Amino acid sequence: MAIGVHAATSQGWEPIRLTPHTQCEPLRQVEIQNLTDNVDINFERSPVFFSSQKMMAAQPDPQFQQGQILYQTGQYSAAANVWKEAASEFESQGDKLHQGLILSYLALAYQHLGQFPEAEAVMNQAVMLTQNQPSLSDSFTLAQIRNNQGQVQFNQGQFQAALATWKKAEKLYHELGDSTGEIGTQLNQTRAFQALGFYLRARTMLEQVEASLTRQPDSQLKLAGLLNLGNVLRVAGDFAASQNILEQGLAMAQKLQLTGNIQLAWLSLGNLAEAQQQPQLALDYYQKAAAENSPVQLQSQIHQLNLLVQLDRREEAQLLRPQIQTHLAKLPPSQTTIYAQIELAESLVKLNPQDVTKAAQLLATAQTQAKQLGNIRAESYALGRLGQVYLQTKQWKEAKQLTEKALRLTEAIHAGEIAYQWQWQMGKLLFKTGDRNGAILSYTAAVNTLQSLRQDLVAINQDVQFSFQEQVEPVYRELVDLLLQPIPGKEEEVSQTNLKQARTTIESLQLAELANFFREACLDTQPEAIDRIDPTAAVIYPIILPDSLGDSSNSRLEVILSLPDQSLKHYSTNLSQAQVDEAINRMRQSFRRTSFAEERLSISQEIYRWLIQPAAEDLTRQSIKTLVFVLDGSLRNLPMAALHDGNQYLIEQYRIAIAPSLQLLTTEPLARPQSKALLGGLSEGKPNFSPLPGVKQEVKDIDATVSATVLLDQQFTTQALETRVKTQPYSIVHLATHGQFSSKPEDTFILTWDGRLNVQQLNTLLTNRELSNSPPLELLVLSACQTAKGDTRAALGLAGVAVRSGARSTLATLWTVSDESTATFMEQFYKELFTPNITKAEAVRRAQLHLLQQPESSHPYFWAPFILVGNWL
């Protein structure tokens, strides 16, 4: 039976038929697009925010301010009309300066309306009008225009041009002594640096901004700068620094008795707590921020509701829902209320999947209001989410029409970060209606959009880890799923074209995961054919494909096999995600020192049957010597060397290496004669870390094999390590110390005498080399690290260290091994490594076999955790 909800279409209004009792998939969280919610760092979004008193005094008439208010509430069409009228008045008065300023803001409004040629034209006109204005007040206005010009360039994807323009604006503000304007343009430059992938430069500039703010007296402007900086640091993933800055902002707001800013700080702290997976703390902050008459009451309530729904605290969510609806009913249409309705609709669907009528009504209203305000982004979100409701209620025709319209709107404003969602949604819709080829094309378009957006997604996504795993990663997996489904009528066949695209998609997923891990996307990639790298190596790509397309029989573990000079092959095992995870957990548990052989071998043989057995004959026929695994998900936590075929371990048959992606490999072998090593070690205990007495023997044995500099215990400080790496041409860095790999960069670290080095700091230290003729870092060894307990994605941290350290190869451990066996392994490894014609992978293999063949260390606990990541030659 049809339910009477209506939505606007190009033909007018038509009824929406919503079938009740339909199970719904969770919707993607839409971040509320409002200055007071996300404390926007756009100078253009908050022109008064970064204006000095001199600049504020120079602002033109009330029409200008009226346009600002309309613009900041998302009423772009109305703002454009007001500013066009104001610009005409200034033109008639011959006031080129203020005409240019108004036109620069008009360009921003045009961009939001999707009128890009008009935006570019009026911005060029604004610049021309104000090029030859010599007075001091003119310079202030010119600085504002330059800043707006940079924003127009940034929104068009011209990041380098935007950076150059913002630097010009910064110079003007500096010459004028306007520190507030200078700070504003510096914050904008950090956005450009992040979009270009230059994380370290962005971070350096943020630190300069922090220093500048510290020197200023307490004021509302300084407070706004602190809150902006705190949010930027949160998005960049530096939660500790974000916490510190936001708490400073809260304390300042309380000192200045600025109630609205106090509530704004609480909202920002709530977002930070949510990003850190501290839901109760986040709820506490949101409740404080949602006080009566709070400027962020609605946004805080929406965040609170979303979190309660995620935590399945339905009773509390149901009590909060009518409060939000009452609040919304009292507010005029604006960008804030539109996005709030979209968010509320999503929560309603989750609270009651059997009745989506109210959610559809909210989305239809949001779409109408967005259209009236000329807010194309918001309209696209509302239409797309409404299309998703139709998809869930199996009303395919309407779902397709709405999704297509939402997608067309994103194309008009070049909003790829929204477009990929509707391309993905269209792929799902086409698959469910039987058009598999069309679905593949839509999914491919979504993946291509994501590939072009990798830098932007880092900056756009607020809750980086959760949004990636829920809203980016599935796009890649579902495309692989479609590509590897057999050709109809040929149940065992998958075309080579599909296999090659599936392999490329798996590689792209690996790169996207690493980019997400680091909150930046500046990984240099170059596709490499296995034949060119090593004609005796095979590459194995396992990928876990859960039941995300809605066909439970389709949940499986797929493996693509790449052999030199051969067509790609693939094989699969029907398994659920839960079965794969349970087997991985069993195998990890079987590596404890007290496990019996029967327990270990049964599970290692089972996983061998999934990953290797179907390829065994091909590997033998091709005389394969090395197996390279591009591992997926929690499979990264397993040592492939310990898989067992019923007669022997895999390491007894093959050399084994792990590659985060073949696109990241450098393929030159180790230049042994000129190798110099830096050996760092910590044998003494530290708080929460036990002593490692075997480190002294380990370092001594290595020092006897290779020319080395040794930093042990008190000498092994961060500063000493940094100085040696900067000034000496080491090709091997060996660190025998406690460390941890985690799926969170801030929890991935190694221990030095004077503290922890996290993955970002280690990356900076190892790549900041002053010698122009330094040899490449061939090998990084981390001999006492472990993956974080309870973190199924912890080995992503190991891959991250391997990739970002700049080392061609990384040798590390998945768990901490006894001192004695580690020392024995390392002594044998270096002995083999410096034997002529022995590859790194073969050196690791021989060292592992050396332990395996000794009765006291034959248990996999002792030899299995050592894994080689990267170049195996």
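Please refer to the structure higher up on the page.
Predicted model, so just to flag it, every value in this text is computed and none were measured.

A. View of the packing of aromatic side chains. All chains considered together, the criterion is met by 14 aromatic pairs. Judged by centre distance (5.1 Å) and plane angle (70 degrees), the rings of Phe64 and Tyr105 are edge-to-face. Placement of the pair is Phe64 in helix α3 (residues 62-72) and Tyr105 in helix α5 (residues 96-112), with a sequence separation of 41 residues. Classification of Phe64 as buried rests on a relative accessible area of 0%. Judged by relative accessible area, which is 3%, Tyr105 ranks as buried. An angle of 40 degrees between the planes, with centres 5.8 Å apart, marks the rings of Tyr71 and Trp83 as tilted. Pair noted here: Tyr71 is in helix α3 and Trp83 is in helix α4 (residues 76-92), with a separation of 12 residues, a long-range link. Trp83 sits in the buried class, given a relative accessible area of 1%. Every member of this aromatic cluster is reached through a ring pair, and the members are Phe64, Tyr71, Tyr76, Trp83 and Tyr105.

B. The arrangement of the pattern of salt bridges in detail. As enumerated under the stated definition, the model contains 25 salt bridges in all. Across the salt bridge formed by Arg314 and Asp312, the nearest N and O atoms sit 2.8 Å from each other. With its nearest N and O atoms 2.9 Å apart, the salt bridge here joins Glu842 to Arg655. Taken as a pair, Glu842 in helix α36 (residues 840-852) and Arg655 in strand β7 (residues 655-658) lie far apart in primary sequence, 187 residues in all. The structure contains a network of salt bridges with shared partners spanning Arg655, Glu832, Glu842, Arg845 and Arg846.

C. Summary view of the environment of Ala677. Among the structural elements, Ala677 can be located in strand β8 (residues 677-681). Judged by relative accessible area, which is 0%, Ala677 ranks as buried. Considered as a pair, Ala677 and Ser707 are 30 residues apart in the sequence and their alpha carbons are 6.2 Å apart. Not counting residues within four places of it along the chain, the set of residues in contact with Ala677 comprises Val706, Ser707, Ala708, Thr709, Tyr730 and Ile732.

About the criteria used
Residues numbered from 1 in each chain as written. Predicted model: local features only at pLDDT ≥ 70, side-chain atom pairs only at ≥ 80, totals over all residues. Heavy atoms only, no water. Phe/Tyr/Trp six-rings, centres within 6.5 Å; stacked < 30°, edge-to-face > 60°. Helix = DSSP H or I, 4+ residues; strand = E, 2+ residues; numbered from the N terminus. Buried < 20%, exposed > 50% of the residue type's maximum accessible area, 1.4 Å probe, protein only. Salt bridge = Lys/Arg side-chain N within 4 Å of Asp/Glu carboxyl O. Contact = heavy atoms within 4.5 Å.

Spatial relationships are all this shows, so hold off on functional conclusions.
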